[in-house]
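Overview (structure and organization)
The primary structure of each chain is shown beneath.
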Amino acid sequence: MFKVTQIMSYWLLVLYIVTFIGYLYDFFADKKYLYNTKRVFLFVTLLFHVIYLVERTFFLGHLPIVTQYEIFSLLAFAIGFTYFLLELLSDIRGTGVFILIFALLFQMKSTLFIQDVYVVNSILNNYPLGTHVITAILGFSAISISSAYALMYLLLYKNIKTNKFNIIFKRLPNLEILEQMNFYAIIIGFILLTIAIIIGFAWLPSAFPDFSYWDPKIISTMIVWLIYSVGIILKLRGSITGKRFAKFSIYGFILSILFLLLTGTILSGFHNFVN
Amino acid sequence: MDIIGISINHKTAPIDLRETLHLSNGEVQEFIPILKENIFSEGFILSTCNRTDIFGIPKERKINYKDIQNSLLNLKHVDGLSPEHFQNYFSCGAVKHILEVAASINSQIVGDSQIHGQVKEAFNISENSGFSKTLMHKLYETAVRVGKRTITETRIGQGAVTISFAAIKVLEKIFSTFDKKSALVIGAGETGELAAIHLKEKGIGKLFITNRTRSKAENLAKKLKGNVIDFGSLQDSLEKFDIIISATSAENYILEYNDVKSMIKKRKGALTCIMDIAIPRDVDPKVAEMDGIFYNDIDSLNVIVSENLRKREKEIPMVNKIIIEEMTAFFKWYNALDVVPTIKDFRDFFEEIRRDEIEKIKYKIHDYEFEKVDNMTKRIIGRILHYPTLNLKRLSETGIDYEAAKKYSEMIRELFNLNDSDKNKKD
């Protein structure tokens, strides 16, 4: 059984790589026959990911939200799935390669370092925790997607500014759309993080005897939340737009990932559930 | 095939000669009766500001290109034209040329979609004037089909190939919609007008025109339902515009670095695009360094145009393939024209005999027996005529042994007395 989970994890990584290569090839080649093929690949990858997560849940006896690497796998899924929906709804196809790279990197990190934890804190078999974790993960995936749009914005901005009418110019949607998508993704991420924080504050003190407001994960999440809330207010007031807003989005994402890594490795607190 | 024709185009003559030879629709309609009387039994005239093509089926064998050229020159009286300014075509070459024109690979700008409409209009005038009969009608259908196929099956018409359209393509990469944007066109000359038209076609929210001679700006603004701003106070209202396209013939900069700098301050970081499509330039190119400003001049836009033209040229072999396919179909149809009546008469002749004979036994046998005999005789006739019909069609359609097809056709008519159908009936 152990082998099955491990093999599935590697196969999942292979599928993410193949899908990413498909999107990358289509980005440069722009062949009509690839329009739907790459989408099918993404769908198959996501379907396999669901099977993998279900298998892992049944095999280990807990939701795959315990270790940092399980969270990374969930993040990869959330990013891939959100992009899949975005592509279906907006029909903007040139951006996939910039977003799926995040999903691929998260899954790679997960596959290469994941460990099977059998004994976990009993508190994890709890609905509020599930909602807390899932909203937080979806929030982080929305932030990752926003930074991907911000990166595309900066690349296209530079291309137009320097009169380079290359593949970036041809394949990406226009700057206004990219800025809009970046902003929408940040709003969605912010709302989801807010929900995760509210649930956390409402439920964690009663569930954990050693609960502390000075827990590194809580502090870092609050910092990220505050930064994004300031950014959203400034954007709504028109104080930061265009290139500056794109840069804000990228810095915000880097900071949130750094915090996620730091709190998961160096700093410890009651948020660490592995017994 | 007897079709002949002449063409004067960008490959053969300078623009002033091509323009002088241009025939308006009225002149085409005036010219058609002259051609009908002296030169062609049927034909068509395609005349745009960039080319004039006259093709048709000569009334007599002795008629040649010179006669067409002379008729045209009698109508237009153009000095300085010589035979070198014309391309002359006949038979397959003529058909190929017409299809190349319809496919837009013979245009000055390869893939120029305007030519499709112009070819249609030319053939329509010809049809309405009674100048188009079976052959021209078929050629018209083929030309239109070639035009459609080149658009749907190749990328010959894709990408911006004019400076003003390339400017619009860049704008489309900056703004998602144009309906809430405000644009200013500086200069109401030909280039400025074209840019303003493109903006209007893209659904620009507010269009402003300015020109040193105010009346010119007013005329263009009236034409495009835009507004006019005063050229003298242009710098004071720059911040209102998301898009500025400048196309004047001014010797010095109209917009200096500081003008744009103060505009940017007032626009509070909102993206602004300046398209300088004038020679010499109207805007200080240093403005490109400012954040939030997208600046393009003719040289940078030319990069897009040249690349798209190269891409279009790469599509020419695909277009030629379509032309060859359609030419083959056209000539199959044309070659079969002579034998079709023979085949029809031949089959009618046998069918008549069959019907005559079967009528004789109609009341001597039961209905169900009659039906059987009727079907059987139909099958017999069908089988007897199958190979003669097939071979005659094949010989004519391939066009390889057209003389043999003609000989067989005549022989069949002679042997079965098909030229005198009344006598056949009596016998």
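Residues numbered from 1 in each chain as written. Chains lettered and ligands numbered in written order. Predicted model: local features only at pLDDT ≥ 70, side-chain atom pairs only at ≥ 80, totals over all residues. Heavy atoms only, no water.

**A look at the domain arrangement of chain A**
Residue and element names in this part refer to chain A. Heads up, the rule is: Here the bounds of each domain stem from an automatic or database domain assignment. By the convention used here, residues are in contact when the closest approach between their heavy atoms is within 4.5 Å. A pair is scored as a salt bridge if a Lys or Arg side-chain nitrogen falls within 4 Å of a carboxyl oxygen belonging to Asp or Glu. For this analysis, a polar contact is any N or O atom pair within 3.5 Å, provided that within protein one partner can donate a hydrogen and the other can accept it, and provided that sequence-adjacent residues contribute only side-chain to side-chain pairs. Only DSSP runs of H or I covering at least 4 residues are called helices, and only runs of E covering at least 2 are called strands; the numbering of each starts at the N terminus. In the scheme used here, Gly and all other residues not listed as nonpolar or charged are polar, with Ala, Val, Leu, Ile, Met, Phe, Trp, Tyr, Cys and Pro taken as nonpolar and Asp, Glu, Lys and Arg as charged.
You can read the domains of chain A as domain 1 (1-120) and domain 2 (121-275). Relative placement of domain 1 and domain 2: their C-alpha centres are 19 Å apart. On the side of domain 2, 35 residues touch domain 1, which itself brings 30 residues to the contact. Connecting domain 1 to domain 2 are 1 salt bridge. Arg 171 serves as the salt-bridge partner of Asp 26, at 3.2 Å between the closest nitrogen and oxygen. Joining domain 1 to domain 2, the criterion identifies 2 residue pairs in polar contact (both at pLDDT 80 or more). Elements supplying a minimum of two residues to the side of domain 1 that touches domain 2: α1 (2-29), α3 (68-90) and α4 (96-113). Sort the elements by how many residues they give to the side of domain 1 that touches domain 2 and α3 lands first, with 11 residues. For the side of domain 1 that touches domain 2, a count of residues per class yields 20 nonpolar, 7 polar and 3 charged.

**What about the packing of aromatic side chains?**
What counts here: Between the rings of Phe, Tyr and Trp (Trp by its six-membered ring), a pair exists once the centres lie within 6.5 Å; its type follows the angle of the planes, with under 30 degrees stacked, over 60 edge-to-face, and the other angles tilted. Counting as a charge over the ring demands two things of the Lys NZ or Arg CZ atom: a distance within 6 Å of the ring centre and an angle within 35 degrees of the ring normal.
Going through the model one piece at a time under the given rule, you end up with 29 aromatic pairs over all chains. Of the aromatic side chains, those joined through ring pairs into one cluster are Phe 44, Phe 55, Tyr 89, Phe 123 and Tyr 140 of chain B. Over the ring of Phe 245 of chain A we find Lys 235 of chain A; its NZ or CZ atom is 5.1 Å from the centre of that ring.

**Structural notes on the domain arrangement of chain B**
For chain B, the assigned domains are domain 1 (4-157 + 315-329), domain 2 (163-307) and domain 3 (338-426). The C-alpha centroid of domain 3 of chain B is placed 74 Å from the C-alpha centroid of domain 2 of chain B.

**Quick word on the sheet that holds strand β5 (residues 182-186) of chain B**
Two orientations exist for strands paired in a sheet by backbone hydrogen bonds: parallel and antiparallel. Residue and element names in this part refer to chain B. Put simply, the rule is: In this analysis, strands are considered paired if DSSP registers two or more bridges between them. In this description, a line fitted to the C-alpha atoms serves as the axis of each element, helices being fitted only across the stretch in contact, and the angle between N-to-C directions of two axes falls anywhere from 0 to 180 degrees.
An order of β7-β6-β5-β8-β9-β10 is seen for the 6 strands of this open sheet, with the pairing classed as parallel. Every interior strand has two partners, whereas the edge strands, β7 (227-228) and β10 (293-297), have only one. Relative to β10, strand β9 (residues 272-276) is paired through 5 bridges, and the arrangement is parallel. Of the residues in β10, the one forming a bridge with Asp 276 is Asp 297. Each of β8 (243-246), β9 and β10 is contacted by helix α10 (residues 257-267), which is oriented at about 155° to β9, the strand it contacts most. Sheet strands touched by helix α11 (residues 298-314): β9 and β10. Its angle to β10, the strand with the most contacts, is close to 75°.

**As for the sheet that holds strand β4 (residues 87-90) of chain B**
Residue and element names in this part refer to chain B. Across the sheet, which stays open at both edges, the 4 strands sit in the order β2-β3-β1-β4 with antiparallel pairing between neighbours. With one partner strand each, in any of the chains shown, β2 (40-48) and β4 form the two edges of the open sheet. Across the sheet, the axes of successive neighbouring strands diverge by a mean angle of 10°, strand direction being ignored. Judged from the 4 bridges that link them, strand β1 (residues 4-8) and β4 form a sheet pairing that is antiparallel. Bridging from a neighbouring strand, Gly 5 pairs with Tyr 89 of β4. Contacting β1, β2, β3 (51-58) and β4, helix α3 (residues 65-76) runs over the sheet at an angle of about 50° to β1. Against the sheet, helix α6 (residues 134-153) contacts β2 and β3, and its axis sits at roughly 35° relative to β2.

**What about the interface of chain B and chain A?**
Keep this limit in mind: We define buried area as the total accessible area lost by two parts upon association, computed with a 1.4 Å probe and summed across both.
Contact residues are listed per partner, giving 26 residues for chain B and 19 residues for chain A. It is Lys 173, Ser 176 and Phe 294 of chain B in chain B that bury the most area against chain A; as a group they hold 36% of the surface buried on that side. In this assembly, chain B and chain A are joined by 3 salt bridges. For the salt bridge of Glu 176 of chain A with Lys 181 of chain B, the shortest nitrogen-to-oxygen distance reads 2.8 Å. On the surface where chain B and chain A come into contact, there are 16 residue pairs in polar contact (both at pLDDT 80 or more). Among the secondary structure elements, those contributing two or more residues to the side of chain B that touches chain A are α7 (163-172), β10 and α11 of chain B. The greatest single-element share of the side of chain B that touches chain A, amounting to 5 residues, is contributed by α11 of chain B.

**Thoughts on a nonpolar patch on the surface**
Residues and elements named next belong to chain A. Just so we agree on the cut-off: What goes into a patch is any residue over 30% in relative accessible area without a salt bridge, connected to like charges within 9 Å or, for nonpolar side chains (Val, Leu, Ile, Met, Phe, Trp, Tyr), within 5 Å. Accessible areas in this description were obtained via Shrake-Rupley with a 1.4 Å probe; residue shielding takes into account the shown protein chains only.
Taken together, Ile 7, Trp 11, Val 14, Val 18 and Phe 41 make up a surface patch of nonpolar side chains, about 450 Å² in accessible area. Take the nonpolar patch: its biggest share by element is 4 residues, from α1. Along the chain, Ile 7 turns up in helix α1.

**A few points about the pairing of β8 of chain B**
The side chains of a regular strand alternate between the sheet's two faces. Residue and element names in this part refer to chain B. The criterion, for reference: With a 1.4 Å probe rolled over the protein chains alone, any residue whose accessible area is under 20% of its type maximum counts as buried; one over 50% counts as exposed, and the rest are partly exposed.
In β8, alternate side chains face the same way, and those of Ile 243 and Ile 245 on one face and Ile 244 and Ser 246 on the other are all buried. The sheet contact formed by β5 and β8 spans 4 bridges and is parallel. Paired with Ile 186 across the two strands is Ser 246, which belongs to β8. Relative to β9, β8 is paired through 4 bridges, and the arrangement is parallel. Along β9, the bridge assignment pairs Ser 246 with Asp 276.

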